Amino acid sequence: MSCCIRGAITIEENTKECIWQNTELMLDEIIKRNSLSVEDIISVVFTATRDIDAAYPAVVLRKMGITEASLICMQEMYVKGSLEMCIRVMVTINTDKSQKDMEHVYLKGAVVLRPDLVKKKSEAVAIDGPAGSGKSTVAKLIAKELDYIYADTGAMYRAVGLYCINNNINYADNKAVESVLDNIDISLVHSDGMQRIFLNGKDVTEEIRTPAVADGASKVAAIGSVRAMLVALQKKLAHENKVVMDGRDIGTNVIPDARVKIYLDASVDVRAKRRCHELDEKGIAYNYDAIAADISKRDEYDKNREINPLRIAEDAHVIDTSYMTIDEVKNTILNIIRG
Ligand code: DC
């Protein structure tokens with residue numbers, strides 16, 4: 001059976017580099033979001049608005065190894081009021097799935113011309129960002145405001161890290177962690193906008209909040225089988241509930257069709273100072289340099305791991321929270337959701 005996937009992207013400049021770079025980005029997203037391999041592609045039709053003529057977008061197909069598909073590339077007629085600098089694509093693929101399961105891809109403000117073909121988006125709100133960017137504080141407030149469930153996915157990786165620590169499993173050893181995954185049962189309970197997490201029936205919500213567990217979480221989060229297990233749980237949770245879910249790969253991997261994707265960021269210095277402030281309030285002694293170094297190390301690890309690294313989804317709204325209050329961040333996100 002064959003199905004058709006549509007895509008569109010706007011580009012910044014009518015230059016060869018810009019056309020090719022954005023075409024590749026759009027095709028990559030189509031392939032990724034629909035779990036395709038290049039062999040599945042039967043034909044590709046490109047159209048470009050009249051203001052794009054510096055290069056042929058289809059050249060990118062060869063670069064991506066799509067050499068067997070039949071291909072056509074055309075320039076569109078000028079339509080008053082239509083988007084400028086836009087490349088559209090229609091990819092026909094060989095598949096057992098039905099047309100309604102196809103994920104169409106619209107990037108950088110490109111709009112859907114056939115809304116009837118587009119799957120209804122998930123109602124979820126996805127919030128990603130590095131440690132200390134304010135995700136969990138803000139996500140809880142947003143969930144409360146919308147009357148959604150708040151789902152903290154970092155807690156799940158922390159629970160796996162905690163299991164390893166408690167059972168003397170070297171969490172940096174992939175094989176050792178994989179061999180005990182069947183013994184790990186993680187469940188979540190949501191009430192009053194709060195999440196409690198249970199590891200093999202025991203409530204570990206507080207126990208997972210230590211630097212040692214955070215280090216373990218970061219290491220186990222790079223292991224493919226750990227991610228597969230937890231991402232399946234997260235997808236199920238998002239499918240069965242209205243969620244505000246925070247983590248590192250929520251917009252890019254867990255809920256790619258989330259209604260709103262937010263990426264929160266802040267400088268290392270600001271995030272380290274926030275952490276120091278929290279420790280101050282708890283009366284715990286700290287060393288600023290050690291905290292800042294730890295945050296940088298975790299960033300490095302989360303952004304550079306091979307599987308589902310922390311990155312900004314193409315359609316995410318990026319908010320730098322460094323000099324914003326929590327209320328300002330909350331209101332900015334609510335405006336995006338409601339807008
Ligand atoms: O947000 P946190 O500090 O509780 O997360 C703990 C670790 O889990 C963090 O280092 C990265 C990892 N993580 C992840 O890889 N993917 C997620 N969706 C959430 C967290």
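Above this text sits the structure in question.
Treat the numbers as computed from the prediction; the structure is a model and nothing was measured.

Caption draft 1: Structural context of a nonpolar patch on the surface. A cluster of nonpolar residues, Leu83, Val111 and Leu113, forms a patch on the protein surface that exposes about 240 Å² of accessible area. Within the secondary structure layout, leucine 113 lies in the loop between β5 (105–107) and β6 (125–128).

Caption draft 2: Spotlight on the sheet that holds strand β10 (residues 202–203). Pairing in this open sheet of three strands is antiparallel, and the strands run β8-β9-β10 from one edge to the other. Pairing within the sheet leaves two strands with one partner each, and these edge strands are β8 (186–191) and β10. Across the sheet, helix α4 (residues 154–166) lies against β8 and β9 (194–199), angled at about 25 degrees from β9, the strand it touches most.

Caption draft 3: Here's a closer look at the pattern of salt bridges. A complete count under the given rule lists 19 salt bridges for this structure. Linking aspartate 203 and arginine 196 is a salt bridge whose minimum nitrogen-to-oxygen distance equals 2.6 Å. Salt bridges sharing common partners tie together Glu29, Lys32, Arg33, Lys261 and Asp315.

Caption draft 4: Here's a closer look at the site of the ligand. If you check the shell around the ligand, you find 16 residues, and the closest are Arg158, Arg227, Arg248, Asp249 and Arg305. Note that a nitrogen atom of the ligand is positioned 3.0 Å from one of the side-chain N or O atoms of threonine 153. In the environment of the ligand, an oxygen atom lies 2.9 Å from a nitrogen or oxygen atom belonging to the side chain of arginine 305. Summarising the interface, the protein chains cover 95% of the accessible area of the ligand, which totals 450 Å² for the free molecule. Looking at the shell around the ligand, the elements with two or more residues in it are α4, α6 (211–220) and α10 (288–304). If you tally residues by element for the shell around the ligand, the top one is α4, at three residues. A per-class count over the shell around the ligand returns four nonpolar, four polar and eight charged.

Caption draft 5: Layout of unusual backbone geometry. One non-glycine residue with positive phi stands out, namely serine 35, at about 45 degrees. Structurally, serine 35 can be placed in the loop between α1 (16–33) and β2 (41–48). For serine 35, a relative accessible area of 63% puts it in the exposed group. Positive phi is not limited to glycine here, since asparagine 308 has a value of about 40 degrees. Topologically, asparagine 308 is positioned in the loop between α10 and β13 (317–320).

Criteria and thresholds
- Residues numbered from 1 in each chain as written.
- Predicted model: local features only at pLDDT ≥ 70, side-chain atom pairs only at ≥ 80, totals over all residues.
- Heavy atoms only, no water.
- Patch = residues over 30% accessible without salt bridge, like charges linked within 9 Å, V, L, I, M, F, W, Y side chains within 5 Å.
- Areas by Shrake-Rupley, 256 points an atom, 1.4 Å probe, with all protein chains shown as cover.
- Salt bridge = Lys/Arg side-chain N within 4 Å of Asp/Glu carboxyl O.
- Helix = DSSP H or I, 4+ residues; strand = E, 2+ residues; numbered from the N terminus.
- Pairing = 2+ DSSP bridges.
- Contact = heavy atoms within 4.5 Å.
- Axes fitted to C-alpha atoms, helices over the stretch in contact; angles between N-to-C directions.
- Near = heavy atom within 4 Å.
- Polar contact = N/O pair within 3.5 Å; in protein donor to acceptor, adjacent residues only side chain to side chain.
- Nonpolar A, V, L, I, M, F, W, Y, C, P; charged D, E, K, R; others polar.
- Buried < 20%, exposed > 50% of the residue type's maximum accessible area, 1.4 Å probe, protein only.

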